[in-house]
Amino acid sequence: MRILLVGSGAREHAIAKAICKHEGAELYSYMSSNNPGMRKLSKEYVLGNIVKDNEVVSWAVSKKIELAVIGPEAPLSAGVSDALWRQGIKCVGPVKEAAKLEWDKGYTRYLMKKYSIPGCPRFEIFRDVRDAQDFIEELKEVAIKPAGLTGGKGVKVTGFQLKGLEEAKDYAREVLEQNIGTLKAVVIEERLVGEEFTLQCFVDGKSLVPAPCVQDFKRAYEGDEGKNTGGMGSYNDRTTLLPFMRKEDYDNALEIMKKTVDSFRKDTGLEYKGFLYGQFMATRDGVKLIEYNSRLGDPEAINMLAILKSDFVDMLYSICDGKIRNVQFQNKATVCKYVVPKEYPDNPKAGDLIEINEDRIAKNNTEIYYASVEEREGRVYTGSSRSLALLSVADSIDEAEHNVENSTRYIHGEIRHRRDIATKEVIDKKVEFMDRLRE
Ligand code: AMP
Ligand code: GLY
């Protein structure tokens, strides 16, 4: 069975491992950089531009691919899934129009309002600067989101990237006057306060099957200081819930996602097939949807796939065939921490040697997932983004965290990681914070 995987980050390395567990699966990787972990698992690989649909498709056709999996969002919003289906190749990853649940923040809010999907914060969509600014004045604390494709950039929130009302109003003007989103509109919504969590689901067009919740650490530095990054690490608990969550948070988040998939089908006549990543906030007033991604999370996919008991390849086929059933996970906790160049994300230096003692890391019950690295003559060097992820599966978050932390001692170079990710101290604080918020 010939399976194409598009992408080359640590998320894709995790997807590659999960595919290769299936007997008879042959992995063909279409990568934008040479991921050494994926390269070792692949029957064949090629380096190319993953958003060029005709190039991806012609390679897939020449390799007689039966099924494709797309890792990152960029090929989805570029229509690579559409192009593969047109050639009769099954593809896990929504077509461009369905991926707009991620790339058009305005559409998702419109859909939630039109179909009365719960968990929607107060919001409006504007094309006029004055109207947008009046609404900001009314809400005071806001999240500002350009509508349409922005290359993953552009969300700014009061108290973080926006210092006060004036900065918020200026940014709304900038989004509209400089056409930051491709749809020439801006979404203004109330700023939510609480603890964020991620629910990743497998969607076959109609039905949806959930994975355990994961929480990632977006900020660059310890104590949640610094800029947002792609994610510095993540964890999940032995149950489907995170320690600060209540059962109803999970149930409500799942309900929101199910209603979204149903409403999307009603609204467009299209089926969403692929992974759907829901970013939620547990607030004083219940669970709210922050945004969707039309792919798995990086690093959240690594946590989830490490404890997947069901056969991943069977799941991929059932997503495409509209037959997704129950999916089983081990009752285990996992912790993932990214090792990054010292000055990531501002000024990551590529080309520095990273010395990795793989044996000692394995003895600490930790696995390595490669991301942005270069391999030359058997040695690994930093690339210009996150270098590699370390993941441990254990009976508790604390144990997994210790394993990963011990493993970082066997990696040397001009690199760093966040020591505080998933430590007991940090998690206890999150639980206390949510208890206080809910009082
Ligand atoms: P990005 O990943 O750059 O799109 O940023 C999205 C982040 O902005 C989310 O993960 C949240 O942390 C934050 N965010 C988005 N919408 C809201 C909101 N309504 N209230 C508070 N924070 C938000
Ligand atoms: N870790 C956040 C994301 O994958 O979007």
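Use the structure listed above.
On a predicted model such as this, the values are computed, not experimentally measured, just so you know.

What counts as what
Residues numbered from 1 in each chain as written. Chains lettered and ligands numbered in written order. Predicted model: local features only at pLDDT ≥ 70, side-chain atom pairs only at ≥ 80, totals over all residues. Heavy atoms only, no water. Pairing = 2+ DSSP bridges. Helix = DSSP H or I, 4+ residues; strand = E, 2+ residues; numbered from the N terminus. Axes fitted to C-alpha atoms, helices over the stretch in contact; angles between N-to-C directions. Buried < 20%, exposed > 50% of the residue type's maximum accessible area, 1.4 Å probe, protein only. Salt bridge = Lys/Arg side-chain N within 4 Å of Asp/Glu carboxyl O.

Visitor: With reference to specific residues and values, describe the sheet that holds strand β17 (residues 286-293).
Guide: One open sheet accounts for four strands, arranged β11-β10-β16-β17; its pairing is antiparallel. The sheet terminates laterally at β11 (208-210) and β17, the two strands that pair on one side only. Pairs of neighbouring strands in the sheet enclose a mean axial angle of 35 degrees, with direction left out of account. Sheet analysis places strand β10 (residues 194-205) next to strand β16 (residues 272-283), joined by 12 bridges and oriented antiparallel.

Visitor: Can you tell me about the pairing of strand β7 (residues 142-146), naming the residues and giving the values?
Guide: For β7, a buried count of five out of five residues is recorded, marking the element as mostly surrounded by other parts of the structure. Residue alternation in β7 divides its side chains into two sets, Val142, Ile144 and Pro146 and Ala143 and Lys145, and both sets are buried. Of the pairings in the sheet, the one linking β7 to strand β8 (residues 156-157) comprises two bridges and is antiparallel in character. Directly across from Ile144, in β8, lies its bridge partner Lys156.

Visitor: Please give an account of the pattern of salt bridges that cites residues and values.
Guide: In this structure the tally under the stated criterion is 39 salt bridges. For Arg173, the salt bridge is made with Glu177, and the minimal N-O distance between the two is 3.1 Å. Taken as a pair, Arg173 and Glu177 lie in helix α9 (residues 165-177) at a separation of four residues, close to a single helical turn. Judged by relative accessible area, Arg173 falls into the partly exposed class, the value being 35%. In this structure, the salt-bridge partner of Lys342 is Glu414, at a minimum N-O distance of 3.7 Å. Taken as a pair, Lys342 in the loop between β18 (333-341) and β19 (353-356) and Glu414 in the loop between β24 (411-412) and β25 (415-416) lie far apart in primary sequence, 72 residues in all. Three or more residues are tied together by salt bridges with common partners; here these are Lys337, Glu401, Glu405 and Arg419.

Read these as geometric descriptors, not functional statements.
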